[in-house]
Amino acid sequence: MKNTKQDSVLASFGSACLAKVPAVAYFSVLFFTVLFYIYGLSAAANLNGKQETRFLEYGASVYKYPFLNRYLIVAPSESPLIKQGLHRGRLIAIDNCEAHLHASLASLYECANVGEAESLDILVLKKGQIQTFVGERSQLSERIEQVKIDLGRLALDGLFSLLSLALSLLLFCKARHCLSGLLLSFTLLFNVFESQFIYLGSNIISDTAIESIRITLAAIIGPLAMYYFPNMPVVRSFKSPWLWAIILGIVLVISFYHLGMSGSIASFAAFHYSVAFALALVLAHFIFKYKTAVNIRQRKQILTLTYCIGVGLVLYLPLMLIGGVYGFLVGRFIIPISIGLGVFFALMRYGLWQVESLISKSATLSVLSVVAFSVWAGIDQGLQALLNQTLGLSNKTFTAFLAAVISSLFAVPAYNFVSKSCDAFFNKNLHQLKRFLSKDLLVLAETQTLGTFIQHLGDKLLKLSGAYKIHLEFADHQRLAEPIEYESLGSAAIDEHPVLKTEQFSYEVKDVLSIVIKLTFADRRINKEIKEELEEGTDEMARALASCSRWNYLESKDPSMRAMRPMHLPS
């Protein structure tokens, strides 16, 4: 008995640890993403600093990372070092002065005799190997003043990388319980590594090694995330020929990437074609999946993502091969971004992975922020004009404080109105359930027979909760000889072996009445806010049923109205 208890404790501990593995992995990648991004931003902002540009007379700018004895070297486009193959990399040494032994640029320059020597040997870690370049002052026809930075390109880079990060966090926070949602959150997080800032920051380790790991993982995780979209069971997936076709695409992408890393231009082009081929396989799988979808909502979710994958596929090769500098930048981000936006639209419009509540709350807070700031600014400006014209006062601090006080009086009504409006658009089932329980319930209870009302109530709850099956039992010990039971199935088709989960809501007054509602969900969970609304509204449903039962009972006493006597419903 003791061993059995210990085994169960160990099993529960092991399952709890296993459940935390995705979160630990995600936040580990997120930590390095943020770390590299911050270091990259710092490098981009300081490459043209006074100390950094001292080395430009040899054809490059040198930057030291904060808190680390690691150095980045970047050659401007007009530098002779570009012809030798140096664009950027981690600086290992200048002549015989090893960079990691020096805590500042000044110390490193002094050791290497920078500014006096006519030529210097520059050792750089590039593509996993230490390569030697020669910087000569005599090769420069004119002095390079600074490294030219394309602000427009960096702004576009920052926009795409932050959009990828935002979509990744959204999916991880609200969709990680689904395998596809979890894998997509990782894919979009890896997409942030396409940023120029990540390349600059990851040189604290090795940009080539980090990029190789990132491409390999993204090439595996991304297609598998699409294969399991939206909720394909893992157990039955290994027999599907589509899975093996997608695995073939993954193998081609990884193989051609590593061949391209050897420097072959043909292999580099073949890598892009292999990415397009893998994406075409995913697109074909989505078209097949659309035809076999189990319900209309899932078809719309798949169709939305199919369109977005198609857009990414059409744009990818032209942008990467003939798009120029800006086209190449957009092409690096285009596939995961198009998929991420497709998922976002599916979340908003078709309730993918049941995150309607998050979308509704986000929209509520965004709209409320704009409204609150607009109201405050309007009142502030109005008070300043009023006080200035009537009393000749001009105190901006006083008017700002007074405007904030007045604005706060409208905070609760504004929140209620905006929240209700956003729920009506983004979280329609919750909005309709609130309306049904607060307005329609009692009206229907007093105008229908008990049997019809129970059937209407059960069907409404089944539809708005998204459940697969409902079982409703109502007992009125004073007026009914036995409880009335109602059971119904939803119209949506389900898999042959679904994962079922039951939620129960009950209300009881001992020896008077009771109501029990059991909702069974197939391959999904109940919306959290709908669950809270049902928990709070069960007593309202009990009151409505009691009212209907009472009126039916009184009417049944009239011999001319015996047809309205409560009837038992078949299961």
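Attention in this report is confined to the structure presented alongside it.

1. Considering the overall build of the protein chain
Scanning the protein chain from N- to C-terminus turns up 16 helices and ten strands. The buried share among the 571 residues of the protein chain stands at 44%. Within the protein chain, counting contacts between residues at least 6 apart in sequence, those at least 24 apart form 67% of the total. Counting every atom, the protein chain has about 29800 Å² of accessible surface; 62% of that belongs to carbon and sulfur.

2. Thoughts on the state of the cysteines
Taken as a whole, this structure holds one disulfide when the rule is applied. Across the disulfide from Cys-97 sits Cys-111; the S-S distance is 2.0 Å. With the S-S dihedral at roughly -90 degrees, the linkage between Cys-97 and Cys-111 falls on the left-handed side. Note that Cys-97 is positioned in strand β4 (residues 97-98) and Cys-111 in helix α2 (residues 105-112), a separation of 14 residues in sequence.

3. A short note on the sheet that holds strand β9 (residues 500-509)
With antiparallel pairing, the four strands of this open sheet are ordered in space as β8-β7-β10-β9. Each having just a single partner strand, β8 (484-489) and β9 make up the two edges of the open sheet. Within this sheet the neighbouring strands show an average axis-to-axis angle of 10 degrees, counted without direction. Both strand β7 (residues 469-476) and strand β10 (residues 513-522) contribute to a ladder of eight bridges, which runs antiparallel. Within the sheet, the bridge partner assigned to Glu-473 lies in β10 and is Val-516.

4. Let's talk about the packing of helix α4 (residues 179-191) against helix α6 (residues 207-227)
Following both chains from N to C, one finds α4 and α6 inclined at 145 degrees, their axes separated by 8 Å at the closest point. Two packed elements cross with a definite hand, and for α4 against α6 that hand is left-handed. Here Ser-180, Leu-183, Leu-184, Phe-186, Thr-187 and Phe-190 of α4 come into contact with α6, specifically with Arg-214, Leu-217, Ala-218, Ile-221, Gly-222, Leu-224, Ala-225 and Met-226. By residue class, the composition of the contact of α4 with α6 is ten nonpolar, three polar and one charged.

5. A short note on the pairing of strand β5 (residues 119-126)
By the bridge criterion, four bridges tie strand β3 (residues 88-94) to β5 in an arrangement that is antiparallel. Residue pairing for β5: Ala-93 is matched across the bridge by Leu-123. Inspection of the sheet shows β5 paired to strand β6 (residues 129-136) by eight bridges, in the antiparallel sense. Across the sheet, residue Lys-126 finds its bridge partner in β6, namely Gln-129. The turn joining β5 and β6, which pair antiparallel and follow one another in sequence, is formed by two residues; a positive phi near 55 degrees is taken by Lys-127.

6. Concerning unusual backbone geometry
With a phi close to 55 degrees, Asp-95 is a non-glycine residue in the positive phi region. On the secondary structure map, Asp-95 appears in the loop between β3 and β4. One non-glycine residue, Asn-113, lies in the positive phi region at around 65 degrees.

7. Here we look at a positive patch on the surface
Positive charge collects at one region of the surface, where Lys-174, Arg-176, Lys-501, Arg-525 and Lys-528 lie side by side. Judged by relative accessible area, which is 34%, Lys-174 ranks as partly exposed.

8. Description of the pattern of salt bridges
Applying the stated criterion across every chain, the model contains seven salt bridges. For Arg-214, the salt bridge goes to Glu-194, with nearest N and O atoms at 3.0 Å. In this pair, Arg-214 sits in helix α6 while Glu-194 sits in the loop between α4 and α5 (196-201), placing the two residues 20 residues apart along the sequence. Of the two residues, Arg-214 and Glu-194, neither departs from the other in class, the shared state being buried. Where Arg-543 meets Glu-540, a salt bridge forms, and the shortest distance between an N and an O atom there is 3.0 Å. With Arg-543 and Glu-540 both in helix α16 (residues 528-556) and three residues apart, the pair spans about one turn of that helix. Because the salt bridges share partners, they merge into one network encompassing Asp-157, Glu-194, Glu-211, Arg-214 and Arg-332.

9. Let's talk about the environment of Tyr-316
Structurally, Tyr-316 is set in helix α9 (residues 296-322). Since its relative accessible area comes to 6%, Tyr-316 is described here as buried. Considered as a pair, Tyr-316 and Arg-332 are 16 residues apart in the sequence and their alpha carbons are 8.1 Å apart. With near-sequence residues (within four places) excluded, Tyr-316 lies in contact with Phe-271, His-272, Val-275, Ala-276, Gly-331, Ile-334 and Ile-335. Reaching out from Tyr-316, the side chain makes a polar contact with the side chain of His-272 at a distance of 2.9 Å.

10. Here's the deal with the nonpolar core
Counting 71 residues, the largest nonpolar core has Met-226, Phe-286, Leu-305, Ile-309, Tyr-316, Ile-339 and Val-343 as its most contacted members. The next biggest cluster of nonpolar side chains, apart from the first, holds 36 residues, and it includes Leu-441, Leu-444, Ile-515 and Ile-517.

11. Description of α16
Over its 29 residues, α16 extends 41 Å from the first C-alpha to the last, a length consistent with the 42 Å expected when each residue adds 1.5 Å. In α16, a bend of some 45 degrees at Gly-537 exceeds every other bend along the element.

12. Things to note about the packing of aromatic side chains
Throughout the structure, instances matching the rule amount to 18 aromatic pairs. With 5.6 Å between their ring centres and 85 degrees between their planes, Tyr-39 and Tyr-65 make a pair best called edge-to-face. Note that Tyr-39 is positioned in helix α1 (residues 2-46) and Tyr-65 in the loop between β1 (61-64) and β2 (71-74), a separation of 26 residues in sequence. Accessibility assignment for this pair places Tyr-39 and Tyr-65 in one class, buried. Taken together, Tyr-26, Phe-27, Phe-172, Phe-186 and Phe-190 form an aromatic cluster joined through their ring pairs. Its guanidinium or amino end placed over the ring of Tyr-290, Arg-299 lies 5.2 Å from that ring's centre, counting from NZ or CZ. Of note, Arg-550 hangs over the ring of Trp-551, and the distance from its end group to the ring centre comes to 5.7 Å.

Rules behind the numbers
- Residues numbered from 1 in each chain as written.
- Predicted model: local features only at pLDDT ≥ 70, side-chain atom pairs only at ≥ 80, totals over all residues.
- Heavy atoms only, no water.
- Helix = DSSP H or I, 4+ residues; strand = E, 2+ residues; numbered from the N terminus.
- Buried < 20%, exposed > 50% of the residue type's maximum accessible area, 1.4 Å probe, protein only.
- Contact = heavy atoms within 4.5 Å.
- Areas by Shrake-Rupley, 256 points an atom, 1.4 Å probe, with all protein chains shown as cover.
- Disulfide = S-S within 2.5 Å.
- Pairing = 2+ DSSP bridges.
- Axes fitted to C-alpha atoms, helices over the stretch in contact; angles between N-to-C directions.
- Left-handed = near helix turned anticlockwise from the far one by under 90°.
- Nonpolar A, V, L, I, M, F, W, Y, C, P; charged D, E, K, R; others polar.
- Patch = residues over 30% accessible without salt bridge, like charges linked within 9 Å, V, L, I, M, F, W, Y side chains within 5 Å.
- Salt bridge = Lys/Arg side-chain N within 4 Å of Asp/Glu carboxyl O.
- Lys, Arg positive; Asp, Glu negative; His and termini not counted.
- Charge placed at Lys NZ, Arg CZ, Asp CG, Glu CD.
- Polar contact = N/O pair within 3.5 Å; in protein donor to acceptor, adjacent residues only side chain to side chain.
- Core = buried A, V, L, I, M, F, W, Y, C linked by side-chain atoms within 4.5 Å.
- Expected span 1.5 Å × (residues − 1).
- Bend = angle between axes of the 7 residues up to and from the residue.
- Phe/Tyr/Trp six-rings, centres within 6.5 Å; stacked < 30°, edge-to-face > 60°.
- Lys NZ or Arg CZ within 6 Å of the ring centre and 35° of its normal.

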